[in-house]
Amino acid sequence: ILDFSRYPEYQSYIPYVEESRNCPGKCTFCLNSCVVDRYQIVPMNVFEANVNNIENTYGKNACAVLLAANFGVSSKHTLQKLNFLKSKELKWNMELHIDNPWEEYLDDLVPAGISKLSVGFESASRTMLRKMDKTKNPDKYLERLEILLNELNDRNIQISLNTLFDYRETPETIAETIDFLEKHKGKYRAAKM
């Protein structure tokens, strides 16, 4: 267990707990597409020890980050971790992908202390989503994103959208993403580019 007190001003650091490593997706823009390593879920006993360490070091009401390239890939493991987090008072920020089975654990996010969520949607251009290998079905993908935005808003979870301008963009594809962001303004706190 890391002794945070050895670090100057450790209380001002944002604590992180690693939930998983890498990503099973192979989006062509992402580092995970060229890293030769598999998606790994942090074992439950390690996850619990790290969460308890954050709680003991930063306090029971601390704000922390669930570190994952892609949180919530496996609904079974995600539900197990969220159920453990429900026994805590910690507040969490994390990142979620649209293609994950979030419907299966959506109602567990707030009781587990999830208060902020970054959604890596990248683009609202169907052309660019295909070129990036983000999804095979851009229409379904964007439909799921709209549903996710509404569901998270209903639960008062703060949303940031991660967007990406690919080197193959055109003025038309960029306009599609900007139009989507404008249409849904008020449903997300920030759009990070």
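Residues numbered from 1 in each chain as written. Predicted model: local features only at pLDDT ≥ 70, side-chain atom pairs only at ≥ 80, totals over all residues. Heavy atoms only, no water.

**Points about the pairing of strand β4 (residues 63–67)**
Here is step 1: Relative to β4, strand β1 (residues 16–18) runs parallel, the two being bridged by 3 bridges. Following the sheet pairing, Y16 is matched in β4 by V65.
Here is step 2: Alignment of β4 against strand β5 (residues 91–96), held across 3 bridges, turns out to be parallel. Of the residues in β5, the one forming a bridge with A64 is W92.
Here is step 3: Read as a crossover between parallel neighbours, the route from β4 over helix α2 (residues 75–85) to β5 is right-handed. (Pairing = 2+ DSSP bridges. Helix = DSSP H or I, 4+ residues; strand = E, 2+ residues; numbered from the N terminus. Right-handed = clockwise from strand over helix to strand, strands pointing away.)

**A closer look at the nonpolar core**
Here is step 1: Ranked by size, the top nonpolar core spans 44 residues in total, and within it V119 and F121 carry the most contacts.
Here is step 2: With 6 residues, the top contributor of residues to this core is helix α4 (residues 138–154).
Here is step 3: Those residues in contact with V119 that lie beyond four places of it in its chain are L96, I98, L145, L148, L152, I159, S160, L161 and N162. (Core = buried A, V, L, I, M, F, W, Y, C linked by side-chain atoms within 4.5 Å. Buried < 20%, exposed > 50% of the residue type's maximum accessible area, 1.4 Å probe, protein only. Contact = heavy atoms within 4.5 Å.)

**Some remarks on the packing of aromatic side chains**
Here is step 1: Applying the stated criterion across every chain, the model contains 3 aromatic pairs.
Here is step 2: Arranged with centres 6.1 Å apart and planes meeting at 75 degrees, the rings of Y10 and Y58 form a pair that is edge-to-face. Here Y10 is found in the segment before β1, whereas its partner Y58 is found in helix α1 (residues 44–58), with 48 residues between them in sequence.
Here is step 3: Ring centres of F47 and F84 lie 6.4 Å apart, and the angle between their planes is 70 degrees; on these two criteria the pair is classed as edge-to-face. Pair noted here: F47 is in helix α1 and F84 is in helix α2, with a separation of 37 residues, a long-range link.
Here is step 4: Residue classification places F47 among the buried residues on the basis of a relative accessible area of 0%.
Here is step 5: Under the relative-accessibility criterion, F84 is labelled buried at 14%.
Here is step 6: In this structure, K81 is placed above the aromatic ring of F47, and the distance from its NZ or CZ to the ring centre is 5.1 Å. (Phe/Tyr/Trp six-rings, centres within 6.5 Å; stacked < 30°, edge-to-face > 60°. Lys NZ or Arg CZ within 6 Å of the ring centre and 35° of its normal.)

**Some points on the environment of N83**
Here is step 1: As for its placement among the helices and strands, N83 is situated in helix α2.
Here is step 2: Residues N83 and V119, 36 residues apart in the sequence, show an inter-C-alpha distance of 22 Å.

**Looking at the pairing of strand β6 (residues 114–122)**
Here is step 1: Summarising burial for β6: 7 of the 9 residues are buried, a large majority.
Here is step 2: One ladder, built from 5 bridges, connects β5 with β6; its direction is parallel. The residue of β6 that forms the bridge with L96 is V119.
Here is step 3: Relative to strand β7 (residues 158–163), β6 runs parallel, the two being bridged by 6 bridges.

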